[in-house]
Amino acid sequence: MRFSALRLLTEGLTGNRGWGPHWRDPAPKSEYDIVIIGGGGHGLSTAYYLAKEHGLRNVAVLEKGYLGGGNVGRNTTIVRANYFLPGNSEFYSHSLKLWEGLEDELNYNVMHSQRGLINLFHSDGQRDAFARRGNAMINQGDDAVLLDRAGVRKHLPYLDFDNTRFPIYGGLLHPRGGTARHDAVAWGYARGADRRGVDLIQNCEVTGIDISGGRVTGVQTTRGAIRAKKVGIVVAGRSGQVAAMAGMRLPVESHVLQAFVTEGLKPCIDHVVSFGMGHFYISQSDKGGLVFGGDLDFYASYAARGNLPMKEHVMEAAMTLMPMIGKARVLRSWGGIMDMTPDGSPIIDKTGIDGLYIDCGWCYGGFKAVPGSGFSFAHLIAQDRHHAPAAKFRLDRFRTGVGLMDEEGTGAQHNLH
Amino acid sequence: MRLPCPICGERDLREFSYLGDAVRLHRPAPDAGTDAWDAYLHLRDNPAGRTRDLWQHEAGCGAWIVVTRDTVSHAVEGAQLAAEMRDAD
Amino acid sequence: MRINGRGRVDRGRALSFTFDGRRYSGFAGDTLASALVANDVKLLGRSFKYHRPRGLLTAGSEEPNALVTLGAGAASEPNARATMVELRDGLQVRSQNRWPSLDWDLLALNDLAAPFLGAGFYYKTFMWPRAFWEKLYEPAIRRAAGLGALSGKSNPDRYEKAFAFCDLLVIGGGPTGMMAAHRAAEAGLDVILCDEGTVLGGRLLSEDETVDGQPGADWAAAMQRDLAAHPKVRVMTRTTVTGAYDQGTFGALERIVPDAEGAPLECFWRIVAKRSILAAGALERPVAFAGNDRPGILLAGAMRAYLHRWGVVPGRRVAVFGNTDDAHRTARDLAAAGVHVAAVIDSRTDAKVQGDFPVYTGAQVCRGAGGRDGVEAIRIRTPRGEESIAVDALAVSGGWNPSLHLACHMNGRPDWREDIAAFVPRDGMVPGMTAAGACAGAFSTHGCLSAGAAAAALVARDLGRTPSDAALPEAEDAPYRIKALWAVPGRGRAWLDFQNDVTVKDVVQAAQENFRSVEHMKRYTTQGMAPDQGKSSNVAALAVLADATGRGIPETGTTTFRPPFVPVSIAAMGAGAQGMGFAPRRRTTSDAAARARGAPMIEAGLWYRASYFPQAGEATWRQSCDREVGMVRNHVGICDVSTLGKIDLQGPDAADFLDLVYTNRMSTLKPGRVRYGLMLREDGHVMDDGTCARLGEGHFVITTTTAAAGAVMKHLEFVHQCLVPHLDLAMISVTESWAQFAVAGPKSRDLLNGLLETPVDDASFPFMACGPVRLGGVAARLFRISFSGEHAYEIAVPARYGASLFDLLVARAEAMGGGAYGMEALNVLRLEKGHITHAEIHGRTTAFDIGMDRMVSAAKECIGKTMAARPGLVGPEREQLVGLAPQDGRSALLPGAFLFAPDDKAERAAAQGYVTSAGYSPTLGAPLALGFLRDGRARQGEVVKMVDHLRGAEVLCTVTDSVRVDPEGGRLRG
Ligand SMILES: Cc1cc2nc3c(=O)[nH]c(=O)nc-3n(C[C@H](O)[C@H](O)[C@H](O)COP(=O)(O)OP(=O)(O)OC[C@H]3O[C@@H](n4cnc5c(N)ncnc54)[C@H](O)[C@@H]3O)c2cc1C
Ligand SMILES: [Zn+2]
């Protein structure tokens, strides 16, 4: 069933009885060509592109809970292509291009809103670093504008320009940056994959990976064994556990990242604003809630919840940057489990086991990567060779030191990001 | 979250900083080879459950400690001074 | 309508307030809600999506409808719950989410379009044409959505944060909590008792019942006095516990008594408790039926609260609809207060109801009819058919949900109890927490008192105390008897989530579209995602979903409650940070002197440093900077360098330790000598650079960059304690203990010798010497080191002498043709010398990249050495540090610009490097820069193109050595 305004009209007039399931709930078959472990954003988009771009339809996505119940439905929805290191640059650029056609592609309104993202800077040194970033973005064919203090004031008049601990020197504006509705992205890909014949299997936890003679042969699940010629692991925060089922140790630590939303408010913040100095970023959802977050809680964790010190730090950053939001009330806070790599950049690669592939390490930035990652991972699984924009996301880069992508410059080793 | 510093007693999370898996106590010899170094610096068990990790009581006595805790429930079993654990090894 | 002789407001103190410009009056002790009820104001707000007229539903913090804006101007506060606002004289209140007025709201048209705006409609449309989303659809949706508005001005109010510690935290001051707190304190525990209300008592304040032979509210007041006087108890009223965190840490928000002189508005508490008792009571839930959202339809318990606490009733002809015996109390109490009870409708066929009013058992209200001003009639369905009853208010009860939210904050899932048709907390959901009383499913006052006492006894024993076994006060113990009723079938929209406008149909449609998981249903319909987090609606929505999917409630499961329990202002949790409070301000000892000289102070991490020292006649910073550079190159300059990290290391093994953390050897350094040192991170990249001075055999002082001081200290402690604890040394940061000044320039020695008790010369103090000196009777340290490339020293004195030494040094320098210089000149001086800063060692560069690979000693081990040898971190593919000079000798170079071959297009694939630092060199009379260029060291003399898209610059540059002034270092040594 195609979604459209007309369809909404006819359904509305006939009591909304005609809406069918967005996806089926099939029972798992005993064998698939390809099994994707993990029904988050990346798993669903991978399945979608396997079917759409490569005509592979005998595919199952196995999700231990409900589709989109992981990070894809917990993030702060920022979509941007403002990376500056080779590898990241081309990948996120490609991903953003996919975003720009996503509603059409999926026939689902994912509310991709290119409202513009502004990264603030607070010293000459930070300006220089952002200038490098902006120039790299333009080198890549994306967009960036360097704003001085007056330029920032024009866009964000509500910031404290006069009495703040870290005065605002300017900002890097990424006009094509913005937000999207996170759940809709998962659901849109799920529906698209389902309509192309992919089996989406919920409440199906993978508990083992079967390997014989160095080749993957299938998986064990809470709903029985499933044979497969190829298996893709796309489980974000759970990457360590699932890889361990195949005897692998990954360069990944799982950490909790918190996020916050306020009660609904009339429009007051029209951009995505990022205050790196205070580890704080914010945007306003279409419903009116201010959606914001900060840094990791900074301890390994699998609990989708955090503690007070980081919550308070985030609110403190908000108060120094934009004291007009003081009377907004936080309505809900939550956490997600982030698969942190040493250099803060992701992995899309083959493993040492034939037919077993892995896509992980998205850290706190994998929502914007959902289209690009699915596209590139599907390419890798289908064709057994890297898709060019994601070719640098190698699993062995830490071992070899080749192509490390440490955007923050804090170190290509754990717990420095 | 509160952690038990063996020197200062139980203190709030905000006094500590984190370094991750206590594997970092066991620095390989310079010639231990790529695998050993890769395992030391990058590869992690990343357990969902009991773990031993390194923290510094940075805004306190400065001690580096190894905390035994659960990454799922955040329950804390106890902590030891890193320096003493090394000596015991 | 105010009822004479009822309520506990102070009728002697009238207060006047306005709502949407109209003036009303209430009494001290009223909430805004009760005062509006007293004035017969029913329409208080508009709903979120359909802009339906809405009135009060509850009398507590869970209120979904009556959200208003308080005050005006910068201090105005959106989304205040009228039920929680303590009335004060002169209060200005405005309704929200309506235009042009609450009575005539244009977007009420949405309600007519409701068939097209059901669950998730927006996922299915607004997709065409693509460009319309940002330009048209989204702005329109944003304007229509949202509730109240922020003023847009800086928050002018004060807030605070505090810590508190106790043995036992009791959450909720109803009968359970009061009893628990009292018993625990008697057993010797330190107790904190928090309650959201202005006084303790909980439900006792809202019911007509007796405890220990007195009216419940009087008993509570006496108990509150006892508790407040008890030395072991701290009673915190107006304090909502908002979140449960690890190891017994709780967040709590205290609202300070309004208008308290000079007090902050709110205080955010972090309470650490060994044990906690959750005594948060229960929240009543409505029943879904068509039109159940009309103003005038309230929860039955809220209706009693308005009557007993505030002496007000929201109608004159009231009907009561419920499914428990509890609901009948409302009818009895209203009738006793002289209010006309039009009917009691009980869905249970076996209900026994007594009273002087019409009773319908086995019946249901199937429609609330009326208009903007509220319900006018209800339609009821009885075993005998349907009929209408004229009413102007309806009290509804679908039963009570234990207020278990806090117990769920740590991801635990509650248990379903069929007998009370509700979820109850399970033991251990929050370690150390015991749920008791109504929030554990005991709904009678007697049950609550005994549960409170039992919980306290449990905690006391657990903490090694002997609990008291005094007799309990006598109290009502009526049975509850519920038969679950969630939604009344029928046509028309029946609301579940009032705040987010979610109806039974929406939930059913979600199930039909296969959003069958409770989390999918929640996200698709937005059920429970409004400011009340579905407090009054989640369980019913879940039941409707269970029904629609043919499952039971327990197997359908619940969604999770997340902190905070009630919304908390950002200002409260972020208290102290507004303006300058966000981070400490570190000032050098020369700060005041620099400011007095007109130097602009800039942030360097947490420090402030002088940018330049303007002089008369200088119009731009560049003029000052150029002069200061010339001053240092030709005369002498003074610069405060105290912000650099200083770490003092002592012990017999300090030298061995430094050999491990620095790439180069420090153990061969002789006492009285300084060496430049490079530190790597274990991943092989440069972490920091600085100097290492050996003051004695086992005594070193090392410096770090300003930015990395903390990180280096932590790193050194890690290496020592975790990797080489057997090495005998101790270290301490002495950054603040010493004030340190660079004295740089050809006349620096002359200047110093005018001050030192024993003058120095090249023989006693050659380049890279260090040692103790005295000046003005003060013991100081002198280092002959140079960042500027000139003959230079750094002199350090205990910080208390810093200010006077700076004045002295600058005065002497000025007399010699020099003076103070700031960060701008410092930067140019180091650029001319090719010295690196964190612009170059930005975390991704190696010793090899910056041309210092020879400093990585081959003869010894050091941190980072092994990983620095990885194949990817060496070789011609790496970008290496170079100097850059514009070919035309004039064009400015820009940090952040990229480098390309002159004929290449400025695209990613062609990029060969980038500029890290740039400036104008008055010494060379030309701009210069440092940057990284692929295989750069081998390319000196080549021409590259610098491109800065952002600033529209394209400059051809010659690749040079990174050192541009005095490459042989003659000036340093001379
Ligand atoms: C608070 C927060 C804010 C964020 N903000 C942003 C942002 O603004 N912008 C941005 O780009 N990114 C952001 N991110 C990061 C982003 O959400 C993640 O990187 C990304 O969603 C991860 O990929 P995913 O969607 O596939 O993961 P998930 O949605 O977590 O999917 C993984 C799935 O695997 C399933 N699974 C796990 N183990 C098994 C098993 N054994 N068997 C079967 N299934 C299994 C899980 O149940 C889960 O559904 C944020 C994340 C968080 C938590
Ligand atoms: Zn300590």
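Rules used throughout
Residues numbered from 1 in each chain as written. Chains lettered and ligands numbered in written order. Predicted model: local features only at pLDDT ≥ 70, side-chain atom pairs only at ≥ 80, totals over all residues. Heavy atoms only, no water. Helix = DSSP H or I, 4+ residues; strand = E, 2+ residues; numbered from the N terminus. Rg over C-alpha atoms; globule rule 2.2 N^0.38 Å. Contact = heavy atoms within 4.5 Å. Areas by Shrake-Rupley, 256 points an atom, 1.4 Å probe, with all protein chains shown as cover. Lys, Arg positive; Asp, Glu negative; His and termini not counted. Charge placed at Lys NZ, Arg CZ, Asp CG, Glu CD. Buried area = accessible area lost by both parts, 1.4 Å probe. Salt bridge = Lys/Arg side-chain N within 4 Å of Asp/Glu carboxyl O. Polar contact = N/O pair within 3.5 Å; in protein donor to acceptor, adjacent residues only side chain to side chain. Nonpolar A, V, L, I, M, F, W, Y, C, P; charged D, E, K, R; others polar. Pairing = 2+ DSSP bridges. Donors = N, O, S within 2.8 Å, 3.2 Å for Na, K, Ca; no water. Tetrahedral: all angles 85-135°; square planar, octahedral: opposite > 155°, others 65-115°. Buried < 20%, exposed > 50% of the residue type's maximum accessible area, 1.4 Å probe, protein only. Domains from an automatic or database assignment. Phe/Tyr/Trp six-rings, centres within 6.5 Å; stacked < 30°, edge-to-face > 60°. Near = heavy atom within 4 Å. Core = buried A, V, L, I, M, F, W, Y, C linked by side-chain atoms within 4.5 Å. UniProt positions renumbered as here; feature names shortened; annotations may be inferred. Axes fitted to C-alpha atoms, helices over the stretch in contact; angles between N-to-C directions. 1 Å grid on protein atoms, 1.4 Å probe; cavity = no way out; pocket = protein on both sides within 12 Å on 5 of 7 lines; lining within 4 Å. Points joined across faces, edges and corners; volume = space filled by probe spheres on them. Patch = residues over 30% accessible without salt bridge, like charges linked within 9 Å, V, L, I, M, F, W, Y side chains within 5 Å.

Asks: Explain the overall build of chain A to me, using residue names and the numbers behind them.
Replies: Each helix and strand in chain A was counted, giving eleven helices and 18 strands. Relative to the compact-globule value of 22 Å for 417 residues, chain A shows a C-alpha radius of gyration of 21 Å, a close match. Projected onto its principal axes, the C-alpha coordinates of chain A cover approximately 65 × 65 × 40 Å. Residue pairs in contact within chain A that sit at least 24 positions apart in sequence constitute 74% of those at least 6 positions apart. Summed over all atoms, the accessible surface of chain A reaches about 11600 Å², with 52% contributed by carbon and sulfur. Across chain A, the 45 positively charged side chains and the 41 negatively charged ones have centroids separated by 4 Å.

Asks: Now, about the interface of chain C and chain A: what can you tell me, with residues and values included?
Replies: How big an interface is tends to be expressed through the accessible area that disappears when the partners come together. Across the contact, 121 residues belong to chain C and 124 residues belong to chain A. Counting the surface chain C buries against chain A, the share from its top three residues, Arg142, Ile570 and Phe582 of chain C, is 9%. A salt bridge links Arg305 of chain A to Asp246 of chain C; the nearest nitrogen and oxygen atoms lie 2.9 Å apart. Joining chain C to chain A, the criterion identifies 72 residue pairs in polar contact (both at pLDDT 80 or more). It is helix H3 (residues 132–144) of chain C that contributes the most residues to the side of chain C that touches chain A, seven residues altogether. Partitioning the side of chain C that touches chain A into residue classes produces 56 nonpolar, 34 polar and 31 charged. Sheet analysis places strand S16 (residues 329–340) of chain A next to strand S31 (residues 568–569) of chain C, joined by two bridges and oriented antiparallel. Bridging across to S31 of chain C, Val330 of chain A finds its partner in Val568 of chain C.

Asks: Any details on the coordination of the zinc ion (ligand 2)? Residues and values, ideally.
Replies: Residues and elements named next belong to chain B. For the zinc ion (ligand 2), the full set of protein donor atoms is Cys5 (SG), Cys8 (SG), His57 (ND1) and Cys61 (SG), at a range of 2.0 to 2.3 Å. Metal-centred angles of 105 to 117 degrees between the four donor atoms at the zinc ion (ligand 2) mark the site as tetrahedral. Mapping the donors of the zinc ion (ligand 2) onto the primary sequence gives the spacing C-x2-C-x48-H-x3-C.

Asks: Account for helix H16 (residues 654–661) of chain C, with residues named and values stated.
Replies: All names here are of chain C. Counted residue by residue, H16 has seven buried out of eight residues, so it is predominantly covered. Every buried residue of H16 is accounted for by Ala654, Ala655, Phe657, Leu658, Asp659, Leu660 and Val661. If you follow the buried residues of H16, they end up packed against strand S36 (645–650), strand S37 (673–680), strand S38 (686–696), strand S39 (699–704), helix H17 (709–723) and strand S40 (730–733).

Asks: Lay out the domain arrangement of chain A in plain terms, naming residues and giving numbers.
Replies: Residue and element names in this part refer to chain A. Segmentation of chain A into domains returns domain 1 (5–77 + 183–251 + 343–390) and domain 2 (112–178 + 254–340). Measuring from the centre of the C-alpha atoms in domain 1 to the corresponding centre in domain 2 gives 30 Å. With 15 residues of domain 1 at the contact, the number on the domain 2 side is 18 residues. The contact between domain 1 and domain 2 buries some 1300 Å² in all, and 52% of this surface belongs to carbon and sulfur atoms. Contact with domain 2 buries area across many residues of domain 1, yet Arg74, Thr76 and Tyr364 alone supply 44% of it, more than any other trio. At the junction of domain 1 with domain 2, the criterion picks out nine residue pairs in polar contact (both at pLDDT 80 or more). Its residues assigned to classes, the side of domain 1 that touches domain 2 comprises six nonpolar, seven polar and two charged.

Asks: Explain the pairing of strand S14 (residues 280–284) of chain A to me, and be specific about the residues and the numbers.
Replies: Residues and elements named next belong to chain A. Most of S14 is tucked away: five of the five residues are buried. Hairpin connection, strand S13 (residues 272–275) to S14: the antiparallel pair is bridged by four residues, and His279 has positive phi, about 50 degrees. Connecting S14 to the next strand, strand S15 (residues 290–300), in antiparallel fashion are five residues, including Gly288 with a positive phi near 110 degrees.

Asks: Give a description of the packing of aromatic side chains that names residues and reports values.
Replies: Residues and elements named next belong to chain A. Under the defined criterion, the tally for this structure stands at 45 aromatic pairs over all chains. Pairing Phe3 with Trp19 gives two aromatic rings, centres 6.0 Å apart and planes at 70 degrees, and the pair type is edge-to-face. Here Phe3 is found in the segment before helix H1 (5–13), whereas its partner Trp19 is found in the loop between H1 and strand S1 (31–37), with 16 residues between them in sequence. In this structure Phe3 comes out as buried when scored by relative accessible area, which is 3%. Owing to a relative accessible area of 3%, Trp19 belongs among the buried residues under this scheme.

Asks: Residues and numbers for the site of ligand 1, please.
Replies: All names here are of chain A. Residues in contact with ligand 1 amount to 37 residues; listed here are only the nearest, Glu63, Asn71, Val72, Thr76 and Lys368. Between ligand 1 and the protein, one listed contact pairs an oxygen atom with a side-chain N or O atom of Asn75 at 3.4 Å. Relative to its unbound accessible surface of 990 Å², ligand 1 loses 96% to contact with the protein. Of all the secondary structure elements, the ones that give two or more residues to the shell around ligand 1 are helix H2 (41–54), strand S12 (253–262) and S16.

Asks: Would you mind going over the nonpolar core in detail, with residue names and values included?
Replies: Within soluble globular proteins, side chains that are nonpolar generally end up buried alongside one another. Formed by 188 residues in total, the largest nonpolar core has its most connected members in Leu32, Leu169, Ile271 and Tyr306 of chain C. Here this core takes eight residues from helix H11 (residues 538–548) of chain C, the largest share from any one element. Leave out the neighbours within four places in its chain, and Leu32 of chain C touches Phe17, Val68, Leu70, Ala82, Val85, Leu87, Leu91 and Val93 of chain C. Among the nonpolar cores identified, the runner-up in size contains 48 residues, and Phe275 and Phe292 of chain A together with Tyr159 and Phe582 of chain C belong to it.

Asks: Quick rundown of the side chain of Gln140 of chain A? Include the residues and the values.
Replies: With respect to the element layout, Gln140 of chain A can be found in the loop between helix H5 (124–139) and strand S5 (145–148). Residue classification places Gln140 of chain A among the buried residues on the basis of a relative accessible area of 16%. For Gln140 of chain A, the side chain forms a polar contact with the side chain of Arg908 of chain C, separated by 2.4 Å. Beyond its immediate chain neighbours, meaning those up to four positions away, Gln140 of chain A contacts Ser89, Glu90 and Ser93 of chain A together with Arg908 of chain C.

Asks: Before we move on, could you go through the UniProt feature "domain: Rhodanese" (unreviewed entry) in chain A and cite the residues and values that matter?
Replies: As annotated by UniProt and renumbered to match this structure, "domain: Rhodanese" (unreviewed entry) occupies residues 34–78 of chain A. As a span, residues 34–78 of chain A carries 31% helix and 20% strand, and end to end its C-alpha atoms are 30 Å apart.

Asks: For the sheet that holds strand S19 (residues 340–346) of chain C, give the residues involved together with the corresponding values.
Replies: All names here are of chain C. Spatial ordering of the open sheet is given by S17-S24-S18-S19-S20, a layout of five strands whose pairing is parallel. Taken across any chain shown, the strands that pair with only one partner, and hence form the sheet edges, are strand S17 (297–299) and strand S20 (359–361). The sheet shows a mean angle of 20 degrees between the axes of neighbouring strands, taken without regard to direction. Strand direction decides the pairing type here: S19 and S20, joined by three bridges, are parallel. Counterpart to Asp346 in the pairing with S20 is Thr361. Against the sheet, helix H7 (residues 325–336) touches strand S18 (317–322), S19 and strand S24 (393–396), its axis set at about 165 degrees to S19.

Asks: Help me get a handle on the interface of chain C and chain B, residues and values and all.
Replies: Contacts between chain C and chain B engage 24 residues on the former and 27 residues on the latter. For the interface between chain C and chain B, the tally reads three salt bridges. Here Glu861 of chain C ties to Arg27 of chain B by a salt bridge, and the two come within 2.8 Å at their closest N and O atoms. Our enumeration of links across chain C and chain B arrives at ten residue pairs in polar contact (both at pLDDT 80 or more). Put simply, the parts of the chain that give the side of chain C that touches chain B at least two residues each are strand S8 (159–171), strand S15 (266–278), H17 and helix H21 (865–868) of chain C. Residues belonging to the side of chain C that touches chain B are distributed by class as follows: eleven nonpolar, five polar and eight charged.

Asks: Tell me about empty space enclosed by the protein, residues and numbers included.
Replies: Residue and element names in this part refer to chain C. Considering all chains together, one arrives at 15 cavities of 30 Å³ or more under this definition. In this model, the largest cavity occupies a volume close to 230 Å³. Counting residues per element, the ones that place at least two in the lining of the largest cavity are strand S25 (400–402), helix H10 (518–525) and H11. Looking at the lining of the largest cavity, the element that brings in the most residues is H11, giving four residues.

Asks: Help me get a handle on the sheet that holds S15 of chain A, residues and values and all.
Replies: Strand order in the open sheet formed by nine strands is S5(A)-S6(A)-S4(A)-S13(A)-S14(A)-S15(A)-S12(A)-S16(A)-S31(C), with mixed pairing between adjacent strands. A strand with exactly one partner marks an edge of an open sheet, and here the two such strands are S5 of chain A together with S31 of chain C. Two elements, strand S4 (residues 117–121) of chain A and S13 of chain A, share three bridges in a ladder whose sense is parallel. What sits directly across from Asn119 of chain A, in S13 of chain A, is Ser274 of chain A.

Asks: Explain the environment of Ala938 of chain C residue by residue, including any values.
Replies: Along the polypeptide, Ala938 of chain C turns up in the loop between strand S49 (926–934) and strand S50 (943–948). Between the C-alpha atoms of Ala938 of chain C and Pro876 of chain C, which are 62 residues apart in sequence, the distance is 8.8 Å.

Asks: Talk me through the side chain of His308 of chain C; I want residue IDs and the actual numbers.
Replies: Residue and element names in this part refer to chain C. By the element assignment, His308 lies in helix H6 (residues 300–310). His308 sits in the buried class, given a relative accessible area of 11%. Polar side-chain contacts of His308 include one of 2.7 Å to the side chain of Asp333. Excluding residues within four positions of it along the chain, His308 makes contact with Arg6, Gly7, Arg8, Leu205, Ser206, Glu207, Asp208 and Asp333.

Asks: Lay out a nonpolar patch on the surface in plain terms, naming residues and giving numbers.
Replies: There is a patch of nonpolar side chains on the surface, built from Trp99, Leu106, Leu109 and Leu112 of chain C and spanning about 500 Å² of accessible area. Assignment of secondary structure puts Leu112 of chain C in helix H2 (residues 109–112).

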